[in-house]
Amino acid sequence: METVLPGYFTGPMNTESHATELDWVPSCGVQLRKAGVRFDAVRVDGCAGRLIAEAMAQMTLGEPGPVVEEVRGRRAVYFLVPVGSTGHRSWPDGVTRLTGEAGRIAFIPVPALSGWTWPLRWRHQPGATGRLVHPLLLRSTLLAWAAGDLGVLGELEENPPAPPIHSGE
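Attention in this report is confined to the structure presented alongside it. (Residues numbered from 1 in each chain as written. Predicted model: local features only at pLDDT ≥ 70, side-chain atom pairs only at ≥ 80, totals over all residues. Heavy atoms only, no water.)

## Here's the deal with the overall build of the protein
Next, step 1: Scanning the protein from terminus to terminus reveals four helices and nine strands.
Next, step 2: For the protein, the sequential pattern of α-helices and β-strands runs β-β-α-β-β-α-β-β-β-β-β-α-α.
Next, step 3: Within the protein, buried positions represent 42% of all 169 residues.
Next, step 4: By sequence separation, contacts in the protein at least 24 residues apart represent 79% of the contacts at least 6 residues apart.
Next, step 5: Only carbon and sulfur atoms are counted for the fraction: they give 55% of the accessible area of the protein, which is about 9100 Å². (Helix = DSSP H or I, 4+ residues; strand = E, 2+ residues; numbered from the N terminus. Buried < 20%, exposed > 50% of the residue type's maximum accessible area, 1.4 Å probe, protein only. Contact = heavy atoms within 4.5 Å. Areas by Shrake-Rupley, 256 points an atom, 1.4 Å probe, with all protein chains shown as cover.)

## Quick look at the packing of helix α2 (residues 46-59) against helix α3 (residues 135-146)
Next, step 1: At a minimum axis distance of 10 Å, the contact between α2 and α3 shows a crossing angle of 125°. As the angle between them shows, α2 and α3 are arranged oblique. In this structure, α2 crosses over α3, and the sense of that crossing is right-handed. The segment α2 lies against α3, with Ala-48, Leu-51, Ile-52, Ala-55, Met-56 and Met-59 engaging Leu-137, Leu-138, Thr-141, Leu-142 and Trp-145.
Next, step 2: Split into classes, the residues belonging to the contact of α2 with α3 amount to 10 nonpolar, one polar and no charged. (Axes fitted to C-alpha atoms, helices over the stretch in contact; angles between N-to-C directions. Parallel < 35°, antiparallel > 145°, perpendicular 65-115°, else oblique. Left-handed = near helix turned anticlockwise from the far one by under 90°. Nonpolar A, V, L, I, M, F, W, Y, C, P; charged D, E, K, R; others polar.)

## A short note on the pairing of strand β9 (residues 120-124)
Next, step 1: Along β9, five of the five residues are buried, which leaves the element largely enclosed by surrounding structure.
Next, step 2: In terms of strand pairing, strand β5 (residues 67-70) meets β9 through four bridges, oriented antiparallel. Bridging from a neighbouring strand, Val-67 pairs with His-124 of β9. (Pairing = 2+ DSSP bridges.)

## Looking at unusual backbone geometry
Next, step 1: The omega torsion of the bond from Trp-118 to Pro-119 falls at 15°, within 30 degrees of zero and hence cis.
Next, step 2: Within the secondary structure layout, Pro-119 lies in the loop between β8 (107-111) and β9.
Next, step 3: Although it is not a glycine, Arg-75 adopts a positive phi angle of roughly 55°.
Next, step 4: Take Arg-75: it is sitting in the loop between β5 and β6 (77-81).
Next, step 5: Phi angles above zero are rare outside glycine, and His-88 is one such case at about 60°.
Next, step 6: Checked against the element boundaries, His-88 lands in the loop between β6 and β7 (95-98).

## Observations regarding the side chain of Glu-70
Next, step 1: Inspection of the secondary structure puts Glu-70 in strand β5.
Next, step 2: No salt bridge is formed by the buried Glu-70; its nearest oppositely charged neighbour, Arg-74, is found at 5.1 Å. (Lys, Arg positive; Asp, Glu negative; His and termini not counted. Salt bridge = Lys/Arg side-chain N within 4 Å of Asp/Glu carboxyl O.)

Nothing here speaks to function; it is all geometry.
Dropping the structure here:
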């Protein structure tokens, strides 16, 4: 079913295929999800987060897993990863782990798939399979970027990608 509201396009959605896998995605607006329940997150602020997200998209043929970005403020990029997958590993400076480890409480902002979600939006929407960002690929990409071994990232820094266009903003 397709719904159009003034200024918003919610688009077609097969609710049967998304109902169980994506029940953590709000139907409208933005909600906070407690880390460690369905997923954890790795947050990278600013341009670096966007470059990493685009490099991950190129390496995964456009399907890096769910990535949320903030369009103002610190312009944070949240990579949603499996629960417990970021612990016991070193991460480069500037990376914030949002986890539900013992003694830690963190919340991850999650926007709806469509409609008004400002100041957040999906850079890469979650797929129907429920697959999350691969933490080792993310970590390797971040470490390469931090070490100056840019590869694909060097090309992206020279020719930054246009931000995704989303309706309702």
